[in-house]
Amino acid sequence: QVQLVESGGGLVQAGGSLRLSCAASGITSRFYSMGWYRHTPGKQRELVATITSACFTNYADSVKGRFTTSRDNAKNTVFLQMNSLKPEDTAVYYCNVHQYGNDYWGQGTQVTVSS
């Protein structure tokens, strides 16, 4: 059973930074991608960033140049460094693992950016 535990959300002023972490357990193969999505009420969940097991990354246009994702394969952990945060980044952020066609999700962590 794959389980994801996120941490690092909170309240920050515009222009500030936060770092999210997500630790995965129960993964039986090293070939999987990890990523971050976010959800705001009234909108669909959107991709923020993904990173493959070979550390190829992909970012939403809205966060390019501000957010950086990385991973520690030895610890099955993925990170999201968020800089220059904007009020429109306010959302619940979800960690994702995609492996062999299956998606696993964390419980979500709230990020609130005040103006």
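Above: the structure in question.
Notes on the structure in this doc start here. Because the structure is a prediction, the values reported are computed rather than measured.

Concerning the pattern of salt bridges
Inference 1: Inspection of every chain in the model, using the stated rule, returns four salt bridges.
Inference 2: A salt bridge links Arg 38 to Glu 46; the shortest N-O distance between them is 2.7 Å.
Inference 3: The buried category is assigned to Arg 38, whose relative accessible area is 6%.
Inference 4: When the shortest N-O distance is used, the salt bridge between Arg 38 and Asp 89 registers 3.0 Å. On the criterion of sequence distance, the pair formed by Arg 38 in strand S4 (residues 33-39) and Asp 89 in the loop between strand S8 (77-82) and strand S9 (91-99) is long-range, its members being 51 residues apart.
Inference 5: A network of salt bridges, in which partner residues are shared, links Arg 38, Glu 46, Arg 66 and Asp 89.

With respect to the environment of Val 78
Inference 1: Along the chain, Val 78 falls in strand S8.
Inference 2: Considered as a pair, Val 78 and Ser 53 are 25 residues apart in the sequence and their alpha carbons are 11 Å apart.
Inference 3: Sequence-distant contacts of Val 78, that is, excluding residues within four places in its chain, are made with Leu 20, Ser 21, Cys 22, Met 34, Trp 36, Ile 51, Thr 69, Ser 70, Arg 71 and Cys 95.

Scoring rules and cut-offs
Residues numbered from 1 in each chain as written. Predicted model: local features only at pLDDT ≥ 70, side-chain atom pairs only at ≥ 80, totals over all residues. Heavy atoms only, no water. Salt bridge = Lys/Arg side-chain N within 4 Å of Asp/Glu carboxyl O. Buried < 20%, exposed > 50% of the residue type's maximum accessible area, 1.4 Å probe, protein only. Helix = DSSP H or I, 4+ residues; strand = E, 2+ residues; numbered from the N terminus. Contact = heavy atoms within 4.5 Å.

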